[in-house]
Amino acid sequence: AEKPAFLATLASNAGFSARAADGKVLFREHPGVLDGLDLFHHMSRLGLILVIIPVMAAWDGPRLPAALVAVPVAERWLLAGLLLLNGAMYATYNQMSVLVLARHSLAAHAALNAGRRVVVIAAAVAATGGSIRPTNAAGIILASAGGFLFALAKVRR
């Protein structure tokens, strides 16, 4: 169960890093053509069409109808509301990320992202009452250190 989660996390981080680097290249090579909102719109649309819908259909497609029917009728509106809220918050985060990238260096973006990860993990642990095992703590420290070291290397270069 941990290997698919690890691979999904690895792919997600690689995708976010590639998006940031490619976005910065687009801003630099085509000044004035795209602003942060235009870039966010096009990246989101491509991600939805090329990644999210096909992966969701392959991964959850066959199980989705049964899972939705299993939710008690009284809780379906709550579930729908939470899904919409989660989607809106995630889209807002991604939009702000692109806007920060448009105005700041890739190094500053990487440093902010590394700090954000620590805050999100700490908030999730606090909200759920979970605990962090030593292996998880080592991964958090390693990922955060990598982000900060990348930012530092970019600034010094």
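Calculation rules
Residues numbered from 1 in each chain as written. Predicted model: local features only at pLDDT ≥ 70, side-chain atom pairs only at ≥ 80, totals over all residues. Heavy atoms only, no water. Helix = DSSP H or I, 4+ residues; strand = E, 2+ residues; numbered from the N terminus. Buried < 20%, exposed > 50% of the residue type's maximum accessible area, 1.4 Å probe, protein only. Contact = heavy atoms within 4.5 Å. Areas by Shrake-Rupley, 256 points an atom, 1.4 Å probe, with all protein chains shown as cover. Lys, Arg positive; Asp, Glu negative; His and termini not counted. Charge placed at Lys NZ, Arg CZ, Asp CG, Glu CD. Salt bridge = Lys/Arg side-chain N within 4 Å of Asp/Glu carboxyl O. pLDDT = per-residue confidence, 0-100. Patch = residues over 30% accessible without salt bridge, like charges linked within 9 Å, V, L, I, M, F, W, Y side chains within 5 Å. Phe/Tyr/Trp six-rings, centres within 6.5 Å; stacked < 30°, edge-to-face > 60°. Axes fitted to C-alpha atoms, helices over the stretch in contact; angles between N-to-C directions. Parallel < 35°, antiparallel > 145°, perpendicular 65-115°, else oblique. Left-handed = near helix turned anticlockwise from the far one by under 90°. Nonpolar A, V, L, I, M, F, W, Y, C, P; charged D, E, K, R; others polar.

Caption draft 1: Region of the structure containing the overall build of the protein. The secondary structure content of the protein amounts to six helices and zero strands. Secondary structure elements in the protein, listed N-terminal to C-terminal, are α-α-α-α-α-α. Judged by the C-alpha coordinates and their principal axes, the protein covers about 55 × 45 × 25 Å. Scored against the burial criterion, the 157 residues of the protein give a buried share of 16%. Taking contacts inside the protein between residues at least 6 apart in sequence as the whole, the part at least 24 apart equals 66%. Counting every atom, the protein has about 11,300 Å² of accessible surface; 73% of that belongs to carbon and sulfur. In the protein, which carries 14 positive and 7 negative side-chain charges, the distance between the mean positions of the two groups comes to 8 Å.

Caption draft 2: Molecular detail of the side chain of Asn94. For Asn94, the location among the structural elements is in helix α4 (residues 73-103). On the basis of relative accessible area, Asn94 is assigned to the buried category, the value being 9%. Once you skip the residues sitting within four places of it in the chain, Asn94 turns out to touch Phe16, Arg19 and Phe40.

Caption draft 3: A look at the pattern of salt bridges. On inspection of all chains with the given rule, the structure shows one salt bridge. Between Asp60 and Arg63 there is a salt bridge, with its nearest N and O atoms 3.1 Å apart.

Caption draft 4: Highlighting the confidence of the model for the protein. When pLDDT is averaged across the protein, the result is 81; 99% of the residues are at 70 or more. Element-level pLDDT for the protein is lowest in helix α1 (residues 2-29), with a mean of 76, against a maximum mean of 86 in α4.

Caption draft 5: Just the environment of Phe16, in detail. Mapped onto the fold, Phe16 is located in helix α1. Overall, the relative accessible area of 17% leaves Phe16 in the buried class. Distance in space between the C-alpha atoms of Phe16 and Ser97 is 9.9 Å, their sequence separation being 81 residues. Other than its neighbours up to four places away in sequence, Phe16 contacts Tyr90, Tyr93 and Asn94.

Caption draft 6: A look at a nonpolar patch on the surface. Side chains of Leu46, Leu48, Ile49, Leu50, Val51, Ile52, Ile53, Val55 and Trp59 sit close together on the surface and give an oily, nonpolar patch of about 900 Å² of accessible area. Here Ile53 shows up in helix α2 (residues 36-59).

Caption draft 7: Geometry of the packing of aromatic side chains. On inspection of all chains with the given rule, the structure shows one aromatic pair. On the numbers, 6.2 Å between centres and 40° between planes, the contact of Tyr90 with Tyr93 is tilted. Taken together, the positions of Tyr90 and Tyr93, both in helix α4 and three residues apart, correspond to about one turn of that helix.

Caption draft 8: Looking closely at the packing of α2 against α4. Relative orientation of the contacting elements α2 and α4 amounts to 130°, with a least axis distance of 9 Å. In terms of axis orientation, α2 runs oblique to α4. Between α2 and α4 lies a crossing of right-handed hand. For the pair formed by α2 and α4, the contact residues are Gly36, Leu37, Leu39 and Phe40 on the first element and Ala91, Asn94, Gln95, Val98, Leu99 and Ala102 on the second. Across the contact of α2 with α4, the residue classes break down as seven nonpolar, three polar and no charged.

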